[in-house]
Structures are given as structure tokens and as C-alpha cells.
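# Structure assessment
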Amino acid sequence: MKRALYFLFFLSLFPFTAMGQNVVPPVYNYKIFEYKGASKNWGLTVNAEGELFVANHMGLLYFNGEQWSLNKLPNKTIIRSVACVGDKIYTGSYEEFGFWKKNDFGLLEYTSLTHLISGHTFTSEEFWEIVPFKNSILLRTFSSIYIYEDNTVTVVDPYSIMTDIIIKDERVIIGGGSDGLFELIDKKLVPLNNQDLLRGKTITDMTFLGNDLLIGTKLNGCYIFKGDRLSPWDTKLNTELKQQQLNKMIKLDTGKIAFGTIKNGVYFYDEASGEVDNLNKKTGLQNNTVLSMGQFREQLWVGLDNGIDRIKLNHPITYFTDFSGVLGTVYDIAFHEGLLYLGSNTGIYYFEDDELRFVNGSQGHVWDLEVVDGDLLCGHNTGTYRIEEGELQRISTIAGGYEIAKVPEQGETHVQGTYSGLAKYKKEKDGSWNVERVRGIDFPVKQLCFEDPSTIWVAHPYKGFHRIKIDGRYNNILDTKEFDQSVIPNNYNIKLFNIKNQIVFCSEGVWYKYDPILDSILPFREFDPYKNMQLIYHDDYFWFVDNEGTKEIIYTDFKNDSLVIADPQLRQRLVPESQNIIKSNDSTFFFTLGDGFGKIELYKLRKQLQHFVLPTPKLSAFMDEKKPYPLQASSIEIPFKDAQEVTIKVASPALIEPRYYYELIGSETYSSYVDSGTISFQNLPYGDYQLKVSTVSMDNNTSVPNTINFSIASPWYLSKPSMALYLAMVIGGIALVRGYNRRKLGRKEQELMEEMEKEHEKRLAELEKEKLAKEIKQKQKELAGTTLNIAKKNEMLLELKNMLVLNKDKFSNSQRYRSFVKRLDNSVKDKEDWKRFELNFKELHEDFFERLLREYPRLTPKDLKLCAYLKMNLSTKEIAPLMAITIRGVEIHRYRLRKKLKIDSSENLSNFLITF
């Protein structure tokens, strides 16, 4: 059955350094600006879930794995000691001690116990240590021991200054400063025997080595009590502890002892082997002064004089880091004659006696370190060198040694890619190297591999790759076939490998292979799951790095074994396109980094995986827009008006920088991954919801989820009282509608009757209107007829007058002639005709003259006559006899009238008056 092994690492954001070859475990630094407290951290304790509580100079620091909080005492004094006992966190301060306990909202609340002390007067005392013992709590100041039990406090006044308490096999041993050791028996201090060596020496801390008591002093190192015999601790470390001023000691679950010093950080002592490791500011700690220590599983918390650090113990990945920058980026690592060599962009380095040394004369970029036929060869920017006992010997002047490969079936012949082509290497019997250029190729070769003894594949850094045929002596190129962008997407930075006798390429994250039968490049389907990943090492197993996505490293055999290493520190420090893995043995591998190297021990990693279980995240806060909610509630109901934003906070304090996966099920459904423990939802609809949150490994394996049930209440207008009101309103509305409809029906009937009457009246009015229209039309005809008759009469009279004027001479009596002409003129200008016309005109156009005069008061009676004739749409020829003037006179009068009416010449005068 296929088995996949996975592991998630949460490591330090800050690197480590070491002056020697010894690599160090990961350290995570918590700086002052992160936890927002004071610099000094006097004591710390961790509960069963991994939550941290720190006695800080400003108060009690609490860290749940995601957020820090600072809790100050009511009197705002310095907290000197802290101890977790069950669900209570006991703290000691200046003349003050008590306990903290979480309320329903997950916040710490303080209860003072100082009032229980009676019959005792404080003498400027501070509680420096708190130790649980059976059903009681022991509290130590420099001048007294306080025993809190059954809600009472008993005070034990010693004979000297008290500096430490330790409990072993129900024995309470107390360090009496410079007066030696005491045992607390029946609430009295009894001095131990045979401790003259401790007289005058200040005891700082104690721990147990098996059944033996190890006693640490401030300036005189450690002493050991074996039975009743006290003697100095006989180790090399003891001399170092005297110099560095021992302050704290703790026995670790790994079997080691951690010694915290004032001057040089933490020393780890392995009792079985006697080995000592040191972590200090040079190797990752923020500060060299250790004030407190506490262990949680395989993590060591260290409270410093300036900050808090978290050390991963027994970790399968360790690091060497060069903080100085001298080493530069490491490109290759090699092991030769018991020494570890590093090739970097600044030269060649090696470790000797745990000291990092530089190979003189190796300045420049190192591309390759390779043990070839027993010699350590270096492909350098300036050529290729053999390294012997820390010295360089040039064996090739050809610049740039990228990669060297053994010729198949030719044990003593190798071919190297250089800045200017290929070079052949052959080791002579006397141990010297014969190096010759391979003729027929002059471009840089960054990668190469053999298809068979006579066929080489080479990759140009920028211009694709070639398949080359070479002669049997490896001196001349016989044939070259170039592959361009017609077969691969891009010629730049091609990766080239021989994987189990198959030539495999990677271009732009896509994998291809060469088919020798078809003589063509085809997709390499076996590597499809590793698209956009870079292969950095292969033998029976394959190491891939995901440069484009999560930057995780995958270790697989493509069969039944797979491992994902999601290490933030490793991902940050790997150099893209220059990653390299060097195999030390089947279980140990080294990674080249931008500032050093990393070491992974697969056996230790697999052993840890057997018991590794992702913890279920813990709910640390639930709040809406206005207030928090109790964390222990089986279900939380949020008012609709406060549900615009709902925030849920979870934490997994046992892990460092965990990721989470959540799934929201309800009226709205969401799911996503988050990198922090804060999950927020905006504007969720009302209804019931179930939120499932799991811790997650980088390969998306999830823990057992923490299920949180909550609901968002209906808005007030959809609440039960509102719904009842709506039902009553609906029933009342129906009754109102029925009544309204009845009244409306009656009104409708009445309206129909009224409408019928109105329709009848309207019909009568229309008939009357038609009648009047006919009468008006008849009158218009009559008026037009009368007007035309008058015009014809006047026209006839004017013609008669003209005839008389022409025959004037035929009249014998001039008086008679004038009489006839006058009578004709009077007939033409007969006022009665105009009055009749005016009367009939006004009947048709009742207020025409009034409106015209209101608008144009300068009009004369003659103008009004012309306007009336024009409104009747009479022509100039018809108007002339009516006004007893010539046609020319009418035109002149029309022109003058147009001016008085202010009518543009483009507008028709008759149309204007007809529509006026």
C-alpha cells in the first residue's frame, strides 16, 4: 500500500551563525515590538496545551501561539515569577502574589492572595519563585518561604537568604544563598550534611542528574551531591560556566541539561556523551543573558534580558550560517579526507578543528566541487584546480568549470563544461591530470550528460541545447544537432538530466524527454505532477523544489515513499536556480544556502513522523462588530444588527506559525486556507452556521477540526413577534380589502351610471357642436359669399368709374359728371357693407380684433380691415376692390402691415393671421 510521509516545520524568521562546523537547531526570536512588553523576562511557564506565560518587567505576558497580550497587575508592579498549576497561573510580585484565570471570554483575570498572610510583615520582599508541591504552592522570596494551601498561607522564616527551590521524590530542597542547602520538613528548614564546599558560594539554581543533585553557583560553577557526598562537578563545561556566570538550569526531556548563563547564552550538555553545544547571540539568540527557561515537548522557551526565544530541540534540520557575509552564497559542498569544503561566490572554504578556514588564492566564483578519482577538483571562474591540504593546484587554465561528468565505460576519462566549450580530463598514472580542449565547440556549456559513450547532450545557458557526437578519443566533435524553439517553448536556462538512461529536459517548468527511436523531443508524462518544479538531486530518490508556488521541497521515489518538507527558513534561504543538494549518506543530506548550508537527517525525521499528530486548533476569541462572546457556549447567537463583521480567532500553541483550513457551512458556504489564526466574515445572511477549523500541513493534510456552531438572528422585521404581527396585519388586511372591494364595487356601479350619463351628455354636446360647426361653416360660406359679392360690386363700380373717367369729355355738363363719379365713390365706400361684414366676421371670430389690438395697439382701422380680409384667406386681387384701392396699393399696405406686426419676410402673412 502506497505510504506518504509528510512533515511541517515552523522555524525561525531569523538565521543562525556558528564559528565552526557544528550546525545549530532552529531558533525563533520574539522581539519586544512583537510582544509589546518590557525587555526583561524573569520567569516563564508553559501549560499542557503549549500556551506560554511570562513574568515580564511590565506584567504577565500571555502567548497563545498567534497573539501576545500583556496583563498588568492592579498595582502595576514588576512580575518576578510565574507557575502554571491546572487552570490557574500563579504570579509573584513586590509584596504581592495571586493567580490569574481565564474568564468565559478567554481573558485573564487576577485574584490576589496577599490578604491571606496574617501575623507577618513584609520587608520589601519580592516573590522570585513559585513551585507546586503536592496540594500546596510554595513561594520564595529572598527572606521567606510562603506555603499556600487550603486557602491559607503559612510563612517559614529561614536563617539566611533563599535563592532556589527544587523538589525530588517528595523532598523539598532549598538553596540558602551562601549558607548551603536546606530541606523543608514539617514547615521547618533543616540544613543538609556535608556541604562545606558550598559555604560562601551563591547558589543560583539546582537540577537532578539521575538521583544526584546538581547545584549551580553564580561564579563557582556546579557541584554535585551524590548521596551524602558533595564534590565539584568534574566536566570541561564547568570551567566555562564559571567564566560565563551560570544563572539557570533545566533538565530536558531529551536527556540533556540546558545551562542559561549571564554572558554567553545557553549551553546544552549531553550527560551520556559529554558533548556540549552552545547557543548565543552569534548562533541565533537575541541576547546572551538568560533570565528564565522552560520546556514544552521538543521546544525550549528562553526568557532573555532582551526578548524571548524559542528553540527547537532534537530537530532533524540544523543550520550553519555566516552572518558576517564573508562566505557569500554557497554553490556546492564536498567531503574529502574527513573535511567539509564549501564552494561559494567568494572562493573555497573548509572546516578544520571546528573552524571555518579560507583556501588561499581561491578568490572568485566557485561553480563546482567534485571528488574525481580520489582528488577534490574545483571548477572555478578562473579555471579548474585540485585542492590538497587547504592548498590550490591549477590543473586547467580554461576559464569557468561548470560541471564535470564521467565518460561511461571510460573509468579514467571525464568531460567538463566550461565558459568556452568542453574540456577532456584524464588522470595519468603519476597522479597528474592531462586536460585538453574538445575541438569543434566554442559556446559555453553549463550542463552536460552522456546518452552513451559517444553521445553528449549539452545545454547552453541562453540558447537551448545540443546533441553532440564525439570521436573515440574525446578530442573532436563529429556532429552537432541543435534543438530550437520549434520543439521546446523557450531556449533560456534549459535543465538537462540523464534519468535512468533517459535524456530529460525542463523548459519553463515543463518536462520533456528525448525518444531515440523517433529522434524527437516528447513530453515526459512521468514528471507531469512536478510541473514548474526544479529537480535538484536524483539517484534512487528525487528531490524537487517548488520555485513557483509554496517553495516546499519534495523527496520521492515515485513509488510508495514521499516526503514534503515545508520549512519557511529553508525556503527563504535557498537560492533560486542555484539550489544544490549533496548526499553525505543514505540518511544525511546537505543544502546549499544563500548564507551557509543546512543539514537534514532523514532517519531522525522519519522517526519523529511516526508520532507526529497535528493538534486541533483551540478557539481563542469570538466576537461580532460590538462585543465578544463566551468561548464555552455550545452555540452562539449574534444579533442581526451586529453581524456586519464576525471575527473568530483560533490558535495552536503547540506549533510555530501554523496554517489553518476552515469551512463555513450554512446560509452561505465558504472554505479557504489562512496563514494566521484570525478568520473574518462580512455581511453573513441570517441563519444557522457551522464553522470547522483545522490546523494544516503544507501538503494540505488537516487535523481533526474544531467545530464552532453559531447563528445570526433574524432582523427585527423577521422575528417571531414581527411574524405574528404580520399575520394579524394580513388577516386585517384581507378584511379591509373585502370591505374596500365592496365599497369600490358600489362606487364602480355609481361611476358607471355617472359615466353613462356623462357619455350621453357628451354625445348631446358633440351633436350640438356638430350643429354649431355646420352653422359656423354656413356662416363662413355666407360671409365669404357676401364678401365676394361686395368685392364684385365694388369691382364693377370701379370699372364703371374708370369708363366715366375715360369718357369724361363726352359729358356736356361737368356738374353732372362729377355727380355720377361721387355717387360711384360713395357706393364703393359704403359703410353699411363694412358694418354688415364686421358683424358677420365677429360672429365667427369673436375676439380677433381685440386680441390683435392688445398685441399691436398701433394698428389703424384700415389695417384691421386688411387683417380681417387676410384671415379669410382672400387674395390681393380680391382684397383690392373691397378696400377700393389698386392691387399695388394692397401690396404696399401688406408690406406696411408686415412691419407693424414685426413679421419676418420669410413668414407668410396670411398664415400668421389665420392662426392668430
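Please refer to the structure higher up on the page.
Since the model is a prediction, treat every value here as computed from it, not as a measurement.

Among the surface-exposed residues, Glu 751, Glu 754, Glu 755, Glu 757, Glu 759 and Glu 761 lie close enough to one another that they form a single negatively charged patch. The residue Glu 755 is located in helix α5 (residues 720-806) in this model.

The pairing of strands in a sheet comes from backbone hydrogen bonds and takes either a parallel or an antiparallel form. With respect to topology, four strands assemble into an open sheet ordered β31-β32-β33-β34, the strand pairing being antiparallel. With partners counted over all chains shown, the strands left at the sheet margins are β31 (330-336) and β34 (355-358), one partner each. Each strand axis lies, on average, 25 degrees off the axis of its neighbour in the sheet, ignoring direction. Where β31 lies against strand β32 (residues 339-344), six bridges are found, and the strand directions are antiparallel. Residue pairing across strands places Val 330 opposite Ser 344, the latter belonging to β32.

Next up on the list: the pattern of salt bridges. It is possible for side chains of opposite charge to pair when their charged atoms get near one another. Under the criterion given, the structure shown has 31 salt bridges. Taking the shortest distance from any N to any O, the salt bridge between Asp 595 and Arg 573 comes out at 2.8 Å. You can see Asp 595 sitting in the loop between β56 (588-593) and β57 (596-601) and its partner Arg 573 sitting in helix α3 (residues 568-573), a full 22 residues away along the chain. This pair shows no difference in class: Asp 595 is buried, exactly as Arg 573 is.

Where burial is concerned, most of strand β65 (residues 706-712) is hidden: five out of the seven residues are buried. Relative to β65, strand β64 (residues 687-696) runs antiparallel, the two sharing seven bridges. Residue pairing in the sheet places Leu 691 in a bridge with Ile 708 of β65.

Further remarks concern the environment of Ile 914. In this fold, Ile 914 is placed in helix α12 (residues 909-914). The partly exposed category is assigned to Ile 914, whose relative accessible area is 35%. Each C-alpha atom of the pair Ile 914 and Asn 873 lies 7.4 Å from the other, and the pair is 41 residues apart in sequence.

Moving on, we get to helix α10 (residues 876-883). With six of eight residues buried, α10 lies mostly within the body of the structure. For α10, the set of buried residues is Thr 876, Ile 879, Ala 880, Pro 881, Leu 882 and Met 883. Downstream of α10 by one or two residues, Ala 884 has phi in the positive range, about 60 degrees.

Attention now goes to a positive patch on the surface. Residues Arg 743, Lys 744, Arg 747 and Lys 748 make up a contiguous surface patch of positive charge. Relative to the helices and strands, Lys 744 is located in helix α5.

Each value, and the rule that gives it
- Residues numbered from 1 in each chain as written.
- Predicted model: local features only at pLDDT ≥ 70, side-chain atom pairs only at ≥ 80, totals over all residues.
- Heavy atoms only, no water.
- Patch = residues over 30% accessible without salt bridge, like charges linked within 9 Å, V, L, I, M, F, W, Y side chains within 5 Å.
- Areas by Shrake-Rupley, 256 points an atom, 1.4 Å probe, with all protein chains shown as cover.
- Salt bridge = Lys/Arg side-chain N within 4 Å of Asp/Glu carboxyl O.
- Lys, Arg positive; Asp, Glu negative; His and termini not counted.
- Charge placed at Lys NZ, Arg CZ, Asp CG, Glu CD.
- Helix = DSSP H or I, 4+ residues; strand = E, 2+ residues; numbered from the N terminus.
- Pairing = 2+ DSSP bridges.
- Axes fitted to C-alpha atoms, helices over the stretch in contact; angles between N-to-C directions.
- Buried < 20%, exposed > 50% of the residue type's maximum accessible area, 1.4 Å probe, protein only.

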